[in-house]
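Each chain is listed here by its residues.
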Amino acid sequence: MSRIIVVGANHAGTAALNTILDNYKDHEVIAFDANTNISFLGCGMALWIGKQIAGPEGLFYSTKEKLEDKGARIYMETAVESIDYDKKIVYAKGVDGTEYKKTYDKLILATGSLPIVPDIEGKDLKNVQLVKLYQNAQDVIEKLKDESIHEVAVVGAGYIGVELAEAFKRWGKNVTLIDCVDTCLAGYYDTEFTDGMKEQLQKNGVKLAFGETVQKMEGKDRVERIVTDKNTYKADMVILAIGFKPNNKLGEGKLKLFRNGAFIVDKQQQTSLPDVYAIGDCATVYDNSVQELNYIALASNAVRSGIVAGHNCCDTKLESEGVQGSNGISIWGYNMLSTGLTLAKAKKLGFDAAAADYEDLQKPAFIEKNNKVKIRIVFDKKTRIILGAQMASDYDISMGLHMFSLAIQEQVTIDKIKLLDLFFLPHFNQPYSYIALAAQKAEK
Ligand SMILES: Cc1cc2nc3c(=O)[nH]c(=O)nc-3n(C[C@H](O)[C@H](O)[C@H](O)COP(=O)(O)OP(=O)(O)OC[C@H]3O[C@@H](n4cnc5c(N)ncnc54)[C@H](O)[C@@H]3O)c2cc1C
Ligand SMILES: NC(=O)C1=CN([C@@H]2O[C@H](COP(=O)(O)OP(=O)(O)OC[C@H]3O[C@@H](n4cnc5c(N)ncnc54)[C@H](O)[C@@H]3O)[C@@H](O)[C@H]2O)C=CC1
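Note that the structure is a prediction, hence the values are computed from the model and not measured. (Residues numbered from 1 in each chain as written. Chains lettered and ligands numbered in written order. Predicted model: local features only at pLDDT ≥ 70, side-chain atom pairs only at ≥ 80, totals over all residues. Heavy atoms only, no water.)

K.L.:
I'd like a description of the sheet that holds strand E3 (residues 73–76), backed by residues and values.
P.N.:
Where strands meet in a sheet, backbone hydrogen bonds hold them as pairs that are either parallel or antiparallel. Pairing is parallel across the open sheet formed by five strands, whose spatial order is E3-E2-E1-E7-E18. Either end of the sheet is taken by a strand with one partner, and the two such strands are E3 and strand E18 (276–278). Neighbour-to-neighbour, the strand axes of the sheet open up by a mean angle of 15°, direction not taken into account. Here strand E2 (residues 27–33) pairs with E3 via four bridges, running parallel. Paired with Asp-33 across the bridge in E3 is Met-76. Relative to the sheet, helix H1 (residues 11–23) contacts strand E1 (2–7), E2, E3 and strand E7 (106–109), its axis offset from that of E2 by approximately 165°. (Pairing = 2+ DSSP bridges. Helix = DSSP H or I, 4+ residues; strand = E, 2+ residues; numbered from the N terminus. Axes fitted to C-alpha atoms, helices over the stretch in contact; angles between N-to-C directions. Contact = heavy atoms within 4.5 Å.)

Okay, structure coming up:
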């Protein structure tokens, strides 16, 4: 019986384990995870802190017990310390000091990502928080009960930072959101969209400090102030949310790495070494919008890559369809969604790119309960192929974005969307859909 070892059992690892255990009975399956819990939905952190959900119970969908009921052996609080890829041996050590030496036939690395911590003075002061793990969320919730914490500074206005700025504001704290770039969510939206999110944040009382670089944090035993190149802000708590880097410690020097350190994998999630797979935040993705390898750390990518590796390591050939980085955010009910490249990113990458923009009411004007919707379709003027799409509305427009995700995956041109069969029902939309109208505006 061949043995499969999975290192890391969070979103990617759990998806691989479930795929193997549900579909293949003739393998011995072992997993190691250094944490005390698995499958924590990080996205729930902001909802929990923001009191939009009662507690963390629903933020987990798997456990050691559930996986062991399916026949796996799961070692929790046990870190893999090294791997001998030549002899195919994994060395691990539990928090209780127990050591493990296990051979493998196939290995799946699902070691995820690590928060980027800026090397600045004051980063070790009390109440300077990272926000990745369930334990981080528990820590923050506990500390927020301290009435003396009034001012919260969030460093990084990406997805986590913006969501947590809302959460702390909902808790009743004064919030300053800092980013070194002159807007929020710059990696995912053009300014025509990020301006809408800035407005939403300011309207709800979040103080914005964009285009400012944090230089240090000050305080006696706990943080009291945060100093940027332009201002000093009072801060009783600082949240560091400036991005993640792939956790490649176990493969550095042995497996081929991408420019940011992620394990390079093919469409079967196989690394540069046969029988060694990598999935989730520690691995690259095939990015359909640029038709090459990229790094896009998302739970949705983690799960799909786990499924692909799960089948391939059991000798069922399955290829990833690639990704386009589809993502969404909802801040005080203002929804923004994007997939593929922004216009700014497309131009920076050398595409002869243009954008087709449109704004309209979602439904016919005679429907009282109505919302505005705004859309941008980014396309290559030469090939006419859709490179990206961005949408914003108070309405749930998520199904529209999925369509653009498929369009990028299948390299559809913007001209194919102009007369696309889009249904009409006044409860949902208008006879002339904003999607088709935007495409029809695409310059020749
Ligand atoms: C606050 C927050 C909100 C988020 N919201 C969203 C969202 O709304 N949508 C979305 O798509 N994505 C979201 N993400 C991103 C998403 O959580 C990650 O993309 C996802 O967790 C990646 O899963 P993973 O299993 O690849 O890696 P990770 O979740 O990082 O898990 C890696 C696992 O490997 C274990 N591990 C690492 N090294 C070792 C070792 N040497 N030995 C044993 N075990 C090891 C760790 O303990 C961990 O359990 C969010 C992330 C955060 C932090
Ligand atoms: N809704 C969703 O899909 C969500 C997805 N995620 C994913 O989790 C991962 C981590 O999210 P984030 O940490 O928000 O990363 P991010 O990459 O989305 O944002 C990091 C932000 O920090 C800023 N920054 C970088 N260095 C800085 C510095 N020294 N000082 C000030 N600002 C600095 C960047 O300009 C950027 O705006 C991302 O891959 C994200 O896509 C996270 C939350 C929600």
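K.L.:
I'd like a rundown of the site of ligand 2, residues and numbers included.
P.N.:
Residues in contact with ligand 2 amount to 19 residues; listed here are only the nearest, Ile-160, Asp-179, Tyr-188, Ala-297 and Gly-328. Gly-328 has a polar backbone atom sitting 2.7 Å from a nitrogen atom of ligand 2. Across the complex, the protein chains shield 76% of the 850 Å² of accessible surface that ligand 2 would expose by itself. Those elements giving two or more residues to the shell around ligand 2 turn out to be helix H5 (159–171) and strand E21 (327–331). (Near = heavy atom within 4 Å. Polar contact = N/O pair within 3.5 Å; in protein donor to acceptor, adjacent residues only side chain to side chain. Areas by Shrake-Rupley, 256 points an atom, 1.4 Å probe, with all protein chains shown as cover.)

K.L.:
Mind laying out the site of ligand 1, listing which residues take part and the relevant values?
P.N.:
In the vicinity of ligand 1 there are 31 residues, among which Asn-10, Asp-33, Val-80, Lys-132 and Asp-281 approach most closely. In this structure, an oxygen atom belonging to ligand 1 sits 2.7 Å away from a side-chain N or O atom of Asn-10. In this structure, an oxygen atom belonging to ligand 1 sits 2.7 Å away from a side-chain N or O atom of Asp-33. Here ligand 1 has 1000 Å² of accessible area as a free molecule, and 85% of this is covered by the chains.

K.L.:
Can you break down the packing of H1 against helix H7 (residues 299–312) residue by residue, with the values?
P.N.:
At a minimum axis separation of 7 Å, H1 and H7 run at an interaxial angle of 35°. Judged by the twist between their axes, the crossing of H1 over H7 is right-handed. Contacts between H1 and H7 involve His-11, Ala-12, Ala-15, Ala-16, Thr-19, Ile-20 and Asn-23 from the first element and Ala-299, Ala-302, Val-303, Gly-306, Ile-307, Gly-310 and His-311 from the second. Taken together, the residues of the contact of H1 with H7 sort by class into eight nonpolar, six polar and no charged. (Left-handed = near helix turned anticlockwise from the far one by under 90°. Nonpolar A, V, L, I, M, F, W, Y, C, P; charged D, E, K, R; others polar.)

K.L.:
Tell me what's going on with the sheet that holds strand E10 (residues 151–155), and back it up with residues and numbers.
P.N.:
Strand order in the open sheet formed by five strands is E9-E16-E10-E11-E12, and the pairing between neighbours is parallel. Strands at the two margins of the open sheet, each flanked by one partner only, are strand E9 (128–130) and strand E12 (207–210). Sheet twist, expressed as the mean angle between neighbouring strand axes with direction ignored, is 20°. Bridging between E10 and strand E16 (residues 237–240) involves four bridges; their strand directions are parallel. Its bridge partner being in E16, Val-155 is matched across the sheet by Leu-240. Strand contacts of H5: E10, strand E11 (174–179) and E16, with the helix running at about 170° to E11, the strand carrying the most contacts.

K.L.:
Got a sec to walk through the environment of Thr-14? Specific residues and values, please.
P.N.:
Of note, Thr-14 is situated in helix H1. Here Thr-14 falls in the buried class, since its relative accessible area comes to 1%. As a C-alpha pair, Thr-14 and Ile-38 span 24 residues in sequence and 8.0 Å in three-dimensional space. Setting aside anything within four residues of it in sequence, one finds Thr-14 in contact with Ala-9, Ile-38, Tyr-61 and Ser-62. A polar contact of 2.6 Å, which involves the side chain of Thr-14, links it to the backbone oxygen of Ala-9. (Buried < 20%, exposed > 50% of the residue type's maximum accessible area, 1.4 Å probe, protein only.)

K.L.:
Report on the UniProt feature "domain: Pyridine nucleotide-disulphide oxidoreductase dimerisation" (unreviewed entry) in the protein, specifying residues and quantitative values.
P.N.:
Per the UniProt record, "domain: Pyridine nucleotide-disulphide oxidoreductase dimerisation" (unreviewed entry) is annotated on residues 338–428. Within the segment residues 338–428, helix and strand shares are 20% and 32% respectively, and the terminal C-alpha atoms sit 21 Å apart. (UniProt positions renumbered as here; feature names shortened; annotations may be inferred.)

K.L.:
Quick rundown of the pattern of salt bridges? Include the residues and the values.
P.N.:
Counted by the stated rule, this structure contains 27 salt bridges. Across the pair Arg-73 and Glu-68 runs a salt bridge, and its minimum N-O distance is 3.1 Å. Arg-73 gets classed as partly exposed once you look at its relative accessible area, which sits at 38%. The shortest N-O distance in the salt bridge between Glu-443 and Lys-381 comes to 3.7 Å. Here Glu-443 is found in the segment after helix H10 (434–440), whereas its partner Lys-381 is found in the loop between strand E24 (372–380) and strand E25 (386–393), with 62 residues between them in sequence. Among the residues examined, Lys-381 registers a relative accessible area of 30% and is labelled partly exposed. (Salt bridge = Lys/Arg side-chain N within 4 Å of Asp/Glu carboxyl O.)

K.L.:
Go over the UniProt feature "domain: FAD/NAD(P)-binding" (unreviewed entry) in the protein, please, and point to the residues and values.
P.N.:
UniProt's entry tags residues 3–306 with the feature "domain: FAD/NAD(P)-binding" (unreviewed entry), counted in the numbering of this structure. Between the first and last C-alpha atoms of residues 3–306 the distance is 17 Å; the span itself is 23% helix and 30% strand.

K.L.:
Describe helix H6 (residues 191–203), and please don't skip the residues or the numbers.
P.N.:
The end-to-end C-alpha distance of H6 is 18 Å, a good match for the 18 Å that 13 residues give at a rise of 1.5 Å each. The complete set of buried residues in H6 reads Phe-193, Thr-194, Gly-196, Met-197, Gln-200 and Leu-201. All buried residues of H6 fall inside an arc of 150° around its axis, so they share one side. Exposed positions of H6 whose direction lies more than 90 degrees from the buried face are Glu-199 and Lys-203. (Expected span 1.5 Å × (residues − 1). Arc of directions from axis to C-beta.)

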